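For reference, the chains in residue letters:
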Amino acid sequence: MRLTTSISIALALLDRTAPLPVGEEQRPLALPDEALSRPVPYAHYSVQSTIRDVLVEHEIICDVLDDFEPSYYLDINYPKSHETVLLGNDLPVDAVSSRPVFTFHSIDNSYYPTRRRSKKADPCTTRTERKKSTFTLILTDPDAKSRDNPKMSEMCHWILTNLTTPIELPHDLQEPLKAKPGEIEEYLPPGPPPKTGAHRYVFVLLEGDATNLKPPADRKHWGYGKPRHGVRDWAKENGLTVVGANFFFAQNEKQ
């Protein structure tokens, strides 16, 4: 299981009533006497930065995406196997064999009144613009054939578009997404080959006009003909912006 403490913090932040996890190794902070008279700067955990840190740690940011700050959290579930994608957890291959269900939630700081906002930000305008936004969800494998030998990467596994009306905090996180997705690339179940180690399977949420979106010319390399090319190129080509990501690990039983 690769679920980290930072992800537990991120998930707790999505439910602000949940307590933050306390590690067994945590110790009280000891300060010298002179430090007690100094002002201590206010600090808080940021959902965006926590998710970003995990994407950086597992090289999703770098191998798959350029650096970005997530503004939506992707909640991905496989109902037949009762499995949930949790930013880097391990899932059995047979558990992800059928099309997942999903929601996505705004984690923009403008929804937290106690947090700092940009002086230029207009929350009302932001909400209005979001209601008009169109989103696309993709699934890609940057580790085909293997992470050490990604000669077939990236492999396109799924493209859903025309997603609208994202759920915004502080609404009920279990409320289903009311959208009519257009599947322009059918779901290809993950099938990592034997003896190729764990593959990262990355869901990416893209925002932008999906009116004329077309699937890649080929699943392999997303049709770009070069290893390590894929969703980053396709998004740029179609004027789409990365606003969220989630991922899991899966590997063949034969290693």
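Rules and cut-offs
- Residue indices follow the written sequence of each chain, beginning from 1 at its first position.
- Selection of residues for local features in this predicted model requires a pLDDT of at least 70, selection of side-chain atom pairs for listing and counting requires 80 or more, and totals for whole chains, interfaces and linings are taken over all residues.
- Excluding hydrogens and water, the side-chain figures rest on all heavy atoms present in the structure.
- Think of it this way: any DSSP run of H or I at least four residues long counts as a helix, any run of E at least two long counts as a strand, and we number them from the N terminus.
- Accessible area is worked out with a 1.4 Å probe on protein chains only. A residue is then buried under 20% of its type maximum, exposed over 50%, and partly exposed in between.
- Whether two residues touch is decided by their heavy atoms; if any such pair falls within 4.5 Å, the residues are in contact.
- A 1.4 Å probe and the Shrake-Rupley method give the accessible areas. Residues count as covered only by the protein chains that appear here.
- Salt bridges, as used here, are contacts in which a Lys or Arg side-chain nitrogen is within 4 Å of a carboxyl oxygen on Asp or Glu.
- Each polar contact in these results corresponds to two N or O atoms within 3.5 Å; when the atoms are within protein, one needs to be able to donate a hydrogen and the other to accept it, and residues that are neighboring in sequence are counted only if both atoms are side-chain atoms.
- Two strands make a pair as long as DSSP finds a minimum of two bridges between them.

Points about the overall build of the chain
Assigned secondary structure in the chain consists of five helices and 10 strands. Here the chain holds 255 residues, and the buried ones make up 45% of them. For the chain, the share of sequence-separated contacts (at least 6 apart) that also reach a separation of at least 24 residues comes to 75%. Total accessible area on the chain stands at roughly 14,100 Å², and carbon and sulfur atoms take up 51% of it.

Here we look at the pattern of salt bridges
Where side chains of opposite charge bring their charged atoms close, a pairing between them can arise. A complete count under the given rule lists nine salt bridges for this structure. Between Asp67 and Arg52 there is a salt bridge whose closest N-O contact spans 2.8 Å. Of this pair, Asp67 sits in the loop between helix H3 (60-63) and strand E1 (72-78) while Arg52 sits in helix H2 (residues 47-57), and the two are 15 residues apart along the sequence. A salt bridge links Glu185 to Arg219, with the shortest nitrogen-to-oxygen separation between them at 3.5 Å. With Glu185 in strand E8 (residues 182-185) and Arg219 in the loop between strand E9 (199-207) and helix H5 (231-237), the pair connects residues that are 34 residues apart, well separated along the chain. Judged by its relative accessible area of 14%, Glu185 is buried. Here the residues in one salt-bridge network are Asp63, Asp143, Arg200 and Arg228, joined through shared partners.

Overview of the side chain of His105
Position of His105 among the secondary structure elements: in strand E4 (residues 101-106). His105 gets classed as buried once you look at its relative accessible area, which sits at 1%. Within polar-contact distance, the side chain of His105 engages the side chain of Thr103 at 3.2 Å.

Details of the pairing of E9
In terms of residue burial, E9 counts as a mostly covered element, since eight of its nine residues are buried. Across six bridges, the pairing between strand E5 (residues 135-141) and E9 is antiparallel. Its bridge partner being in E9, Leu137 is matched across the sheet by Leu205. By the bridge criterion, nine bridges tie E9 to strand E10 (residues 241-250) in an arrangement that is antiparallel. When the bridges of E10 are listed, Arg200 appears paired with Phe249.

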